[in-house]
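Residues per chain, in single letters:
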Amino acid sequence: MSLDVAVVMDPIGKIKIGKDSTFAMLLEAARRGHRLHYVLPGGLWLDAERPMARMAPLQVRDDPADWFGLGEAVSRPLAALDVVLMRTDPPVDANYLHDTLVLSLAQAAGVLVVNDPAGLRDLNEKLAALLFPQCCPPTRVARDPAVLKSFVTEHDQVVLKPLDGMGGRSIFRASAADPNLNVILETLTQGGRDLALAQRFIPEIKDGDKRILLVDGEPVPYCLARIPQGGEFRGNLAAGGRGEGRPLTDRDRWIAAQVGPELKRRGMIFVGLDVIGDYLTEVNVTSPTCIREIDAQFGLNIAGLLFDAIEARRAAARA
């Protein structure tokens, strides 16, 4: 069954293919004989009620010197496609939300959108973890710096972060005695205008911030522990963390079992869970990464598992 697969992503000419999970998906789709289409940045639009995209035929190669080729771009109805991979990175700003609304209309026309556009709108990656409080460390979300400060006073060592960041940006570790605490809280909340998140610091971060991948609700049996380096407390690879593959622990599997069925119900076919020690800290649904790192360390084909799930859903829809 050959499918027409379009990808909405950040500019393909700027990616690092050795670490890019979207590129792993495209390689697997090409290997299976699916026809690839690249939606030009900003290329989603509406013709009255018809969802459209300006897209170009795409070829991909696992060659760091020459990894893609594009044909002539044309505007086409999204309903002509079988699958759209929505893979642009945060922030989930107004433009991103508007694109998901266009993709919801494509979904209503029968296109499989990965991940479900309604879920992309509803599941903020910091707040979605709180749907599973049994898995999370003590957490508080507020605009009022005083409300957040009282949480810091209660727990002493905390992590403070905005709700729309990625890659470890604008994440602070602070204590009740930190002379910069007030300015950190004022900065994160924009003087009380924006929600920010406070979470009890988890000392096990020294052993790594684990990225656990779920494919259609089921965990990949290995994760990537992103271990802070030097004096850094953040494990994010973008912040200099070192990636080390590990098998899932019993606790990891328990967390995945708590989270997976609900995310599958919401159409979240490919998800990344962030787990530190025994606690779930984030649920990544926009553009989860680490496919290529885990594949390389354990000889897996995670994108293959994803396309097994995609093809099964398309076959069921056609039946």
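Residues numbered from 1 in each chain as written. Predicted model: local features only at pLDDT ≥ 70, side-chain atom pairs only at ≥ 80, totals over all residues. Heavy atoms only, no water.

So, about the overall build of the protein. Counting its secondary structure elements, the protein contains eight helices and 17 strands. For 319 residues, the compact-globule estimate of 2.2 N^0.38 gives 20 Å, and the C-alpha radius of gyration of the protein, at 20 Å, lies within 12% of that figure. Seen along its three principal axes, the alpha-carbon backbone of the protein occupies a region of about 60 × 45 × 40 Å. Counting all 319 residues of the protein, 51% fall into the buried class. When contacts within the protein are restricted to residue pairs at least 6 apart in sequence, those whose partners lie at least 24 apart make up 66%. A total of about 13800 Å² of accessible surface is found on the protein, and carbon and sulfur atoms cover 51% of it. (Helix = DSSP H or I, 4+ residues; strand = E, 2+ residues; numbered from the N terminus. Rg over C-alpha atoms; globule rule 2.2 N^0.38 Å. Buried < 20%, exposed > 50% of the residue type's maximum accessible area, 1.4 Å probe, protein only. Contact = heavy atoms within 4.5 Å. Areas by Shrake-Rupley, 256 points an atom, 1.4 Å probe, with all protein chains shown as cover.)

Our focus in this paragraph is empty space enclosed by the protein. Summed over the entire model, instances satisfying the criterion amount to one cavity of 30 Å³ or more. Around the largest cavity, the lining residues are Met25, Leu85, Met86, Arg87, Val114, Asn115, Phe270, Val285, Thr286 and Pro288. Partitioned by chemical class, the residues of the lining of the largest cavity number seven nonpolar, two polar and one charged. (1 Å grid on protein atoms, 1.4 Å probe; cavity = no way out; pocket = protein on both sides within 12 Å on 5 of 7 lines; lining within 4 Å. Points joined across faces, edges and corners; volume = space filled by probe spheres on them. Nonpolar A, V, L, I, M, F, W, Y, C, P; charged D, E, K, R; others polar.)

Our focus in this paragraph is the pattern of salt bridges. Summed over all chains, the structure comprises 23 salt bridges. Arg140 is the salt-bridge partner of Glu154, the closest N and O atoms lying 4.0 Å from each other. Residue Glu154 is located in helix H4 (residues 145-155), and its partner Arg140 is located in strand S8 (residues 139-142); the two are separated by 14 residues in the primary sequence. Where Asp216 meets Arg313, a salt bridge forms, and the shortest distance between an N and an O atom there is 2.6 Å. With Asp216 in the loop between strand S12 (209-215) and strand S13 (218-219) and Arg313 in helix H8 (residues 302-318), the pair connects residues that are 97 residues apart, well separated along the chain. Assessed through its relative accessible area of 27%, Arg313 is described here as partly exposed. Through salt bridges with shared partners, one network takes in Glu28, Arg31, Arg32, Asp308 and Glu311. (Salt bridge = Lys/Arg side-chain N within 4 Å of Asp/Glu carboxyl O.)

With seven of its seven residues buried, strand S16 (residues 270-276) lies for the most part within the structure. With burial as the criterion, each face of S16 is covered, one bearing Phe270, Gly272, Asp274 and Ile276 and the other bearing Val271, Leu273 and Val275. Both S12 and S16 contribute to a ladder of seven bridges, which runs antiparallel. Counted as the bridge partner of Lys210 is Val275 from S16. Between S16 and strand S17 (residues 279-284), which pair antiparallel in sequence order, lie two residues; one of them, Gly277, sits at a positive phi of approximately 60 degrees. (Pairing = 2+ DSSP bridges.)

Our focus in this paragraph is the side chain of Arg292. Position of Arg292 among the secondary structure elements: in helix H7 (residues 291-298). Residue classification places Arg292 among the buried positions, given a relative accessible area of 18%. Not counting the four nearest positions on each side in its chain, Arg292 is found in contact with Ile17, Gly18, Lys19, Asp20, Phe23, Ala24, Leu27 and Asp62.

Our next topic: the sheet that holds strand S11 (residues 196-200). A sheet is described by the order of its strands in space; here four strands give the open sequence S8-S11-S9-S10, paired in antiparallel fashion. Both edges of this open sheet fall to S8 and strand S10 (172-174), since each of them pairs with a single strand only. Neighbour to neighbour, the strand axes of the sheet diverge by 25 degrees on average, direction disregarded. In this structure, S8 lies alongside S11, joined through four bridges in antiparallel fashion. In the sheet register, Val141 faces S11, and the bridge partner there is Leu197. Sheet strands touched by H4: S8, strand S9 (158-162) and S11. Its angle to S8, the strand with the most contacts, is close to 165 degrees. Relative to the sheet, helix H5 (residues 181-188) contacts S9, S10 and S11, its axis offset from that of S9 by approximately 30 degrees. (Axes fitted to C-alpha atoms, helices over the stretch in contact; angles between N-to-C directions.)

This next bit is on the state of the cysteines. If you walk through the whole model with that rule in mind, you get zero disulfides. In this model Cys136 remains outside any disulfide bridge; the closest cysteine sulfur is found in Cys135, 6.1 Å from its own. With no disulfide partner, Cys290 has as its closest neighbouring cysteine sulfur the one in Cys223, 9.5 Å distant. (Disulfide = S-S within 2.5 Å.)

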